[in-house]
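Coordinates in review
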Amino acid sequence: MPKAKVSILGAFVTDLTCRTDRMAKWGETILGNAFKLGPGGKGSNQAVAAARLEADVGLITKIGKDAFGEMAKKFYLEQGMSLARIYEDPEETSATATIIIDEKTNENSIIVVQGAAAHLTVEEVEAAQSDIGSADIFLTQLELPLAPTVRGIELAQAAGVPIILNPAPALPVPPEVLAKVDYLTPNETEAVTLVGKESLDQFRNVEQLADELLAFGVRNVVITLGEKGAFVKGPGVTEHVPAFAVDKIVETTGAGDAFAGGFAVALAEKKLLVEAVRFGCAVAGISVTRRGTAPSMPYRKEVDALMGR
Ligand code: RIB
């Protein structure tokens, strides 16, 4: 059977992760517990997840001509991914994320500096038109500038390729762009931002939040709920899909990307919506048992085993 083809437009970011018992205050130095440097970035993590799930992945991104960019290319080749649309900017550094993880609560705080990723152009996305147009699914996020992101969405729509928008990080999106989206996959914070509210308390329940997103003309909404799984609403479907129980949560950074990558592969393989969400939950469920973001993405046989296939 030919591999399902997934086109992903998104950022590569080098993750600089520090584990600590508490946050330092402004002006204060504290000693942390552990440090790790590795490949990350929402779109890139999602692409790695999809590659490990045995999809044919085409990632469109931009890195710097530096040591972090070299790390990205080496890592992609190890995953069997193509470098054809990995653009390089000779002037800018590769994007970085300074990630602080609270060892007690597993909560994280992330500051992304976009660097080269901020310089991906509309023309570079247009050069990837045939990759986008020949895919079974197109997946993007909000970690690149809006103009090339919207261009990718337009090219997918023109070719009739279903569009997933994982609206992370939490940013407002013009309604006319949301109206082009087939599958919108925010977490609760991102969903609240998209509808222009401040707090989850302003909604009776998660279904009301989903309804407000559907009112933009989005075809299907999947609100990810962390350890509670995901809420799905689309034509003829309203369902809560529970998360998979795992023995020990080690790190949740990148779990949303694991979900998005898995969900995209399942839709590309023509699975039904709720089954695709279940598959995404299984991918995320394994990723949280491991450290790191891209390196924590599971392989297909691990996901199939968790799902009891
Ligand atoms: O979603 C997790 C990712 O967000 C990290 O890998 C970090 O790079 C930030 O982009």
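We now turn to the structure provided with this report. (Residues numbered from 1 in each chain as written. Predicted model: local features only at pLDDT ≥ 70, side-chain atom pairs only at ≥ 80, totals over all residues. Heavy atoms only, no water.)

Overview of the overall build of the chain
When you go through the chain residue by residue, the secondary structure sums to eleven helices and 13 strands. Taking 2.2 N^0.38 as the reference for a compact globule, 309 residues should give roughly 19 Å; the C-alpha atoms of the chain span a radius of gyration of 18 Å, in line with that estimate. Dimensions of the chain, computed from the C-alpha atoms along their principal axes, are close to 55 × 45 × 40 Å. Expressed as a percentage of its 309 residues, the buried residues of the chain come to 51%. For the chain, contacts bridging at least 24 residues in sequence account for 66% of all contacts bridging at least 6. With an accessible surface of roughly 13500 Å², the chain has 54% of that area assigned to carbon and sulfur atoms. Side chains of the chain carry 30 positive and 40 negative charges; the gap between the two charge centres is 4 Å. (Helix = DSSP H or I, 4+ residues; strand = E, 2+ residues; numbered from the N terminus. Rg over C-alpha atoms; globule rule 2.2 N^0.38 Å. Buried < 20%, exposed > 50% of the residue type's maximum accessible area, 1.4 Å probe, protein only. Contact = heavy atoms within 4.5 Å. Areas by Shrake-Rupley, 256 points an atom, 1.4 Å probe, with all protein chains shown as cover. Lys, Arg positive; Asp, Glu negative; His and termini not counted. Charge placed at Lys NZ, Arg CZ, Asp CG, Glu CD.)

Overview of the site of the ligand
The local shell around the ligand consists of Val 13, Asp 15, Gly 40, Gly 41, Lys 42, Asn 45, Ala 97, Val 112, Glu 143, Gly 254, Asp 257 and Thr 293. The contact in question runs from an oxygen atom of the ligand to an N or O atom on the backbone of Gly 41, over 3.0 Å. Asp 257 has a polar side-chain atom sitting 2.7 Å from an oxygen atom of the ligand. Protein coverage of the free-state accessible area of the ligand, which is 280 Å², stands at 96%. (Near = heavy atom within 4 Å. Polar contact = N/O pair within 3.5 Å; in protein donor to acceptor, adjacent residues only side chain to side chain.)

Here's the deal with the packing of helix H1 (residues 42-52) against helix H9 (residues 255-268)
Look at H1 against H9: their axes get within 8 Å of each other, and the N-to-C directions meet at 50°. The angle between H1 and H9 falls in the class oblique. Note on packing geometry: the crossing formed by H1 with H9 is right-handed. In this structure, H1 contributes Lys 42, Asn 45, Gln 46, Ala 49 and Ala 50 to the contact, and H9 contributes Asp 257, Ala 258, Ala 260, Gly 261 and Val 265. For the contact of H1 with H9, the per-class residue count stands at five nonpolar, three polar and two charged. (Axes fitted to C-alpha atoms, helices over the stretch in contact; angles between N-to-C directions. Parallel < 35°, antiparallel > 145°, perpendicular 65-115°, else oblique. Left-handed = near helix turned anticlockwise from the far one by under 90°. Nonpolar A, V, L, I, M, F, W, Y, C, P; charged D, E, K, R; others polar.)

Topic: helix H5 (residues 146-159)
Helix length check: H5, at 14 residues, gives a terminal C-alpha distance of 20 Å against a target of 20 Å (1.5 Å per residue), a fit within 8%. Taken residue by residue, H5 has Pro 148, Thr 149, Val 150, Gly 152, Ile 153, Leu 155 and Ala 156 as its buried positions. The inward-facing, buried residues of H5 abut strand S1 (5-9), helix H3 (122-126), helix H4 (129-133), strand S8 (137-140), strand S9 (163-165) and helix H6 (175-178). (Expected span 1.5 Å × (residues − 1).)

Quick look at the packing of H9 against helix H10 (residues 273-287)
Relative orientation and spacing of two packed helices are given, respectively, by the angle between their axes and the distance between those axes. At a minimum axis distance of 7 Å, the contact between H9 and H10 shows a crossing angle of 145°. Note on packing geometry: the crossing formed by H9 with H10 is right-handed. Here Ala 255, Ala 258, Phe 259, Gly 262, Phe 263, Ala 266 and Leu 267 of H9 come into contact with H10, specifically with Leu 273, Ala 276, Val 277, Phe 279, Gly 280, Cys 281, Val 283, Ala 284 and Ser 287. When grouped by side-chain class, the residues that make up the contact of H9 with H10 number 13 nonpolar, three polar and no charged.

A look at the packing of aromatic side chains
Taken as a whole, this structure holds three aromatic pairs when the rule is applied. Relative to Phe 263, the ring of Tyr 183 lies with its centre 5.8 Å away and its plane at 80°, an arrangement referred to as edge-to-face. Here Phe 263 lies in helix H9 and Tyr 183 lies in strand S10 (residues 183-184), a separation of 80 residues in the sequence. Measuring from centroid to centroid gives 5.6 Å for Phe 259 and Phe 263, while their planes differ by 15°, and the two rings are stacked. With Phe 259 and Phe 263 both in helix H9 and four residues apart, this pair spans about one turn of that helix. Here Phe 259 and Phe 263 have matching classes, each one buried. A network of ring pairs unites the aromatic residues Tyr 183, Phe 259 and Phe 263 as a single cluster. The aromatic ring of Phe 279 is capped on one face by Lys 271, whose charged end is 5.5 Å from the ring centroid. (Phe/Tyr/Trp six-rings, centres within 6.5 Å; stacked < 30°, edge-to-face > 60°. Lys NZ or Arg CZ within 6 Å of the ring centre and 35° of its normal.)

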